[in-house]
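Given next are the chains, with one letter for each unit.
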Amino acid sequence: MNTRKKVFGILSIVVMTLIFLFSARNAEKSTEDSLRVGMAIGRLVVPGFDELDEDEKVDYAISIDHRVRKTAHFLEYTGLGMMLLGFFYDRDKKKWKYICAAFFVGAFYAVTDEFHQMFVPGRACQAFDVMIDSAGVLTGSVIALMVSFLLIKAMQKKCIKNN
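Here is a short report on the structure shown in this document. (Residues numbered from 1 in each chain as written. Predicted model: local features only at pLDDT ≥ 70, side-chain atom pairs only at ≥ 80, totals over all residues. Heavy atoms only, no water.)

Quick look at the overall build of the protein chain now. For the protein chain, the helix and strand inventory stands at six helices and zero strands. For the protein chain, the sequential pattern of α-helices and β-strands runs α-α-α-α-α-α. Computed over C-alpha atoms, the radius of gyration of the protein chain comes to 19 Å, more than 25% over the 15 Å expected from 2.2 N^0.38 for 163 residues, which places it beyond the range of a compact globule. In terms of overall dimensions, the protein chain has C-alpha extents of about 65 × 40 × 25 Å along its principal axes. The burial tally for the protein chain puts 34% of its 163 residues in the buried class. (Helix = DSSP H or I, 4+ residues; strand = E, 2+ residues; numbered from the N terminus. Rg over C-alpha atoms; globule rule 2.2 N^0.38 Å. Buried < 20%, exposed > 50% of the residue type's maximum accessible area, 1.4 Å probe, protein only.)

Moving on: the packing of aromatic side chains. Any aromatic ring pair is given by two values, namely how distant the centres are and how the planes are angled relative to each other. Counted by the stated rule, this structure contains six aromatic pairs. Positioned above the aromatic ring of F87, the side-chain terminus of K5 is 5.4 Å from the ring centre. (Phe/Tyr/Trp six-rings, centres within 6.5 Å; stacked < 30°, edge-to-face > 60°. Lys NZ or Arg CZ within 6 Å of the ring centre and 35° of its normal.)

Throughout the structure, instances matching the rule amount to five salt bridges. Note that R36 is salt-bridged to D33, the shortest N-O span being 2.9 Å. Linking R36 with D33, this pair stays in helix α2 (residues 27–45), spanning three residues, or about one helical turn. When its relative accessible area of 52% is taken as the criterion, R36 is described as exposed. Taken together, the shared-partner salt bridges connect R25, D33 and R36 into one network. (Salt bridge = Lys/Arg side-chain N within 4 Å of Asp/Glu carboxyl O.)

This brings us to the layout of surface pockets. There is about 530 Å³ of room inside the largest pocket. Along the wall of the largest pocket there are 23 residues; nearest its centre are S30, R69, A72, H73 and R123. Mapped onto the lining of the largest pocket, the elements with two or more residues apiece are α1 (3–23), α2 and α4 (65–88). Sorting elements by how many residues they give to the lining of the largest pocket places α4 first, with seven residues. Tallied by class, the residues present in the lining of the largest pocket amount to seven nonpolar, nine polar and seven charged. Considering only enclosed or pocket space, the second largest pocket measures out at about 270 Å³ in volume. Contributing to the lining of the second largest pocket are 13 residues, with R4, F8, A144, S148 and L151 lying nearest its centre. Elements with a minimum of two residues in the lining of the second largest pocket: α1, α4 and α6 (127–162). Classifying every residue of the lining of the second largest pocket by side-chain character gives nine nonpolar, two polar and two charged. (1 Å grid on protein atoms, 1.4 Å probe; cavity = no way out; pocket = protein on both sides within 12 Å on 5 of 7 lines; lining within 4 Å. Points joined across faces, edges and corners; volume = space filled by probe spheres on them. Nonpolar A, V, L, I, M, F, W, Y, C, P; charged D, E, K, R; others polar.)

Turning our attention to the packing of α1 against α4. Each packed pair of helices is defined by two parameters, the angle between the axes and the distance between the axes. Put simply, α1 and α4 touch, their axes get as near as 8 Å, and they point 160° apart. With respect to each other, α1 and α4 are oriented roughly antiparallel. Here α1 runs over α4; the crossing is left-handed. When α1 is examined against α4, the residues R4, K5, F8, G9, L11, S12, V15, M16, I19 and F22 are found in contact with a partner set consisting of E76, Y77, G79, L80, M82, M83, L84, G86, F87 and F88. Residues belonging to the contact of α1 with α4 are distributed by class as follows: 13 nonpolar, four polar and three charged. (Axes fitted to C-alpha atoms, helices over the stretch in contact; angles between N-to-C directions. Parallel < 35°, antiparallel > 145°, perpendicular 65-115°, else oblique. Left-handed = near helix turned anticlockwise from the far one by under 90°. Contact = heavy atoms within 4.5 Å.)

Judged by nonpolar contacts, V15, M16, I19, Y77, L80, M83, L84, A102, Y109, A110, V130 and V137 together constitute the single largest core of 12 residues. Among the elements of the structure, α1, α4, α5 (95–117) and α6 are those that each provide at least two residues to this core. Looking at this core element by element, the count peaks at four residues for α4. Those residues in contact with Y77, other than ones at most four positions away along the chain, are I19, G106, Y109, A110, D113, D133, G136 and V137. Core analysis: the second largest hydrophobic core is formed by seven residues, Y89, I99, L145 and I152 among them. (Core = buried A, V, L, I, M, F, W, Y, C linked by side-chain atoms within 4.5 Å.)

Before going further, it helps to examine a nonpolar patch on the surface. On the surface, I10, V14, L18, F20, L21 and F22 cluster together to form a nonpolar patch covering roughly 570 Å² of accessible area. Turning to its location among the elements, L21 is positioned in helix α1. (Patch = residues over 30% accessible without salt bridge, like charges linked within 9 Å, V, L, I, M, F, W, Y side chains within 5 Å. Areas by Shrake-Rupley, 256 points an atom, 1.4 Å probe, with all protein chains shown as cover.)

Here is the structure:
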């Protein structure tokens, strides 16, 4: 196994571990996390947010909580998809093969992660989250594939220019 595969394999395991640790947080801690993110978003995008009273700030964070949570699901699995594509990528194979490999491993992990949440106090197993997670894996895989093609093209141009 080459160095790139080892690095992306380790990074994939690191991302999976982080996802597992986030999923292992009980509902109360998970809610605190997402409300904290909602407050940060409020500070960034709501004019005069800092002048609102504390209840209004919390109400805003609560109003976007569902979107914050689903976006978090999507983004963590986008990262996983990028790492998995990096692991499976092989220039000699057809691109759909390694996108499929990354997608199926990532989607399977999403299923196991949701199953794991059934045993965490206040958390639940939701099929919709598996769909969001799987869409994130696919998106991350496609992004990583596009980046790899751009890097290859840039290296080829540099080689042509140097010759």
